[in-house]
Amino acid sequence: MDLADGAAEEEFRARLREWLAGVLPTLPPKPDPLDWPGRRSYDCGWQRRLYDAGYADVHWGASPTQRLIFLEETERAGAPYVGANFVGLLHAGPTVAAEGTPEQRERWLPPVLRGDEVWCQGFSEPDAGSDLASLRTRAVRDGDAYVVSGSKIWTSHAEVADWCELLVRTDASGSKHRGITWLAMPMDAPGITVRPLRTLAGSTEFAEMFLDEVRVPVANRVGEENDGWRVTMVTLSFERGTAFVGEVVACRRVLAELAGAARKNGTWDDPGVRRRLGRLSAEFRALWRLTQWNVSEAEATGGVPGIGGSVFKLRYSHARQELYDTAAAVLGPDALDLGREWNLDRLSSLSYTIAAGTSQIQANIVAERILGLPKGR
């Protein structure tokens, strides 16, 4: 697919730039990064502005070229990103759009696009993180509802969410990849306990979640019962293949700012620093090209990203860590000051080789599904 700008794309870019120039100065002050209720309000307010202006569906309703233009222009302009609503916009929403019934799409997608509802992700468990298929949270059918009991961990934005994309085991008699079901669980249902988890950076965007006989309507099941692993692969394809697109643009901006800072404070004179910056520039340029390919492939194959997402996730996770390690080298002693730019991002970058599937899992996927190597025993 040709991703070069045509007349329609140039018009879209110019119109978006003009809108951003007018709306960004009117935004309220950003909330404290550690205040997730405040950040939810701020992020959803921005999403509502996008909705009113006709840009809300860019994450799954626009052409790949328009989507990339949107991400380039909003990042360059310093606009807010998806924030607290990233699960709804980048994971659950695209999954419902691809796998949900017409009634489910009508119920769940418009509130996400308007910024009215926030989703969290209930996948990982204390004993089923990287080995996600070993999950044990149990769901028993009782009439028109599933009764769910178990626990989840690293549940993104659970403390401010309205809905949870939840994986449960509905049949334990077969292989671990069978018997899994994908549910949309309302977070105000009785029996849910959320305990925020504080990260190294001091934030609480993750939580552990305990489920004690929570009733979830059967109508909230996306896909067939026991077919949840296939649906989950759709979710993970979005999470690994396209959800990080905006962050690549952000990293390229940070890299340019970092080079400017190095010139100002003298670290540019260190050939090792210049070498690291040059290599990272080539790395993120290549990742942006891979991003274009992944997004374009997704459009050509019905909207779901392919296996190339694992290649991207594997390399991007390490490149992001290398970027902020280089930032520490440029900052010198100031790298210990968490009030300085880039330092909190450096701490958060440590999680990227774990989140959305560890680097070891991604390497296995690339080896087995792309290179055709035999599975380990």
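The structure we're discussing is the one just above.
Parameters and conventions
- Residues numbered from 1 in each chain as written.
- Predicted model: local features only at pLDDT ≥ 70, side-chain atom pairs only at ≥ 80, totals over all residues.
- Heavy atoms only, no water.
- Helix = DSSP H or I, 4+ residues; strand = E, 2+ residues; numbered from the N terminus.
- Buried < 20%, exposed > 50% of the residue type's maximum accessible area, 1.4 Å probe, protein only.
- Contact = heavy atoms within 4.5 Å.
- Areas by Shrake-Rupley, 256 points an atom, 1.4 Å probe, with all protein chains shown as cover.
- Phe/Tyr/Trp six-rings, centres within 6.5 Å; stacked < 30°, edge-to-face > 60°.
- Salt bridge = Lys/Arg side-chain N within 4 Å of Asp/Glu carboxyl O.
- Core = buried A, V, L, I, M, F, W, Y, C linked by side-chain atoms within 4.5 Å.
- Disulfide = S-S within 2.5 Å.

A. Representation of the overall build of the chain in the model. A tally of helices and strands in the chain yields 11 helices and eight strands. Residues counted as buried form 50% of the 377 residues belonging to the chain. The contacts of the chain with a sequence gap of at least 6 include a subset with a gap of at least 24, amounting to 72%. As displayed, the chain offers around 17,300 Å² of accessible surface, 51% of which is attributable to carbon and sulfur atoms.

B. Spatial organisation of the packing of aromatic side chains. As enumerated under the stated definition, the model contains eight aromatic pairs in all. Centre to centre, the rings of Phe12 and Tyr55 are 5.9 Å apart; their planes meet at 70 degrees, and the pair counts as edge-to-face. With Phe12 in helix H1 (residues 7–23) and Tyr55 in the loop between helix H2 (36–53) and helix H3 (64–76), this residue pair connects regions lying 43 residues apart in the sequence. Residue Phe12 is classed as buried on the basis of its relative accessible area of 6%. Judged by its relative accessible area of 3%, Tyr55 is buried. Between Trp154 and Phe206, the aromatic rings sit 5.7 Å apart at their centres with planes inclined by 85 degrees, giving edge-to-face as the arrangement. Taken together, the residues Trp154 in the loop between strand S3 (145–152) and strand S4 (163–169) and Phe206 in strand S7 (residues 206–217) connect sequence positions 52 residues apart.

C. How the structure looks around the pattern of salt bridges. In total, this model carries 20 salt bridges according to the counting rule given. A salt bridge links Arg253 to Glu75; the nearest nitrogen and oxygen atoms lie 2.5 Å apart. Of this pair, Arg253 sits in helix H7 (residues 245–265) while Glu75 sits in helix H3, placing them 178 residues apart in sequence. In this structure, Glu117 engages Arg107 in a salt bridge whose closest nitrogen and oxygen atoms are separated by 3.1 Å. Here Glu117, found in the loop between helix H5 (102–114) and strand S1 (119–122), pairs with Arg107, found in helix H5; they are 10 residues apart in sequence, far enough to count as distant. One salt-bridge network, in which partners are shared between bridges, spans Arg13, Arg17, Glu72, Glu73 and Arg76.

D. Geometry of the side chain of Ser156. With respect to the helices, strands and loops of the structure, Ser156 is situated in the loop between S3 and S4. Those residues in contact with Ser156, other than ones at most four positions away along the chain, are Phe86, Val87, Trp119, Cys120, Gln121, Glu205 and Phe206.

E. Quick peek at the nonpolar core. Within the largest apolar cluster, 27 residues are counted, with the highest numbers of intra-cluster contacts made by Leu258, Leu277, Phe284, Leu287, Tyr316, Leu323 and Trp342. Listed by contribution, the elements that provide at least two residues to this core are H7, helix H8 (271–300) and helix H9 (308–331). With residues up to four places along the chain from it excluded, the contact list for Leu277 reads Leu255, Leu258, Ala259, Ala262, Trp268 and Thr326. Ranked by size, the runner-up nonpolar core spans 26 residues in total, among them Val112, Ala184, Trp229 and Leu236.

F. Broad picture of the state of the cysteines. Summed over all chains, the structure comprises zero disulfides. Free cysteine Cys120: the closest other cysteine sulfur is in Cys164, separated by 3.7 Å. We classify Cys164 as buried; its relative accessible area is 0%.

G. Fine view of the environment of Leu109. Locating Leu109 in the fold gives a position in helix H5. For the pair Leu109 and Pro94, spaced 15 residues apart in the sequence, the C-alpha separation amounts to 8.8 Å. Ignoring sequence-local partners within four residues, the contact set of Leu109 consists of Trp60, Gly93, Val96, Ala97 and Gln104.

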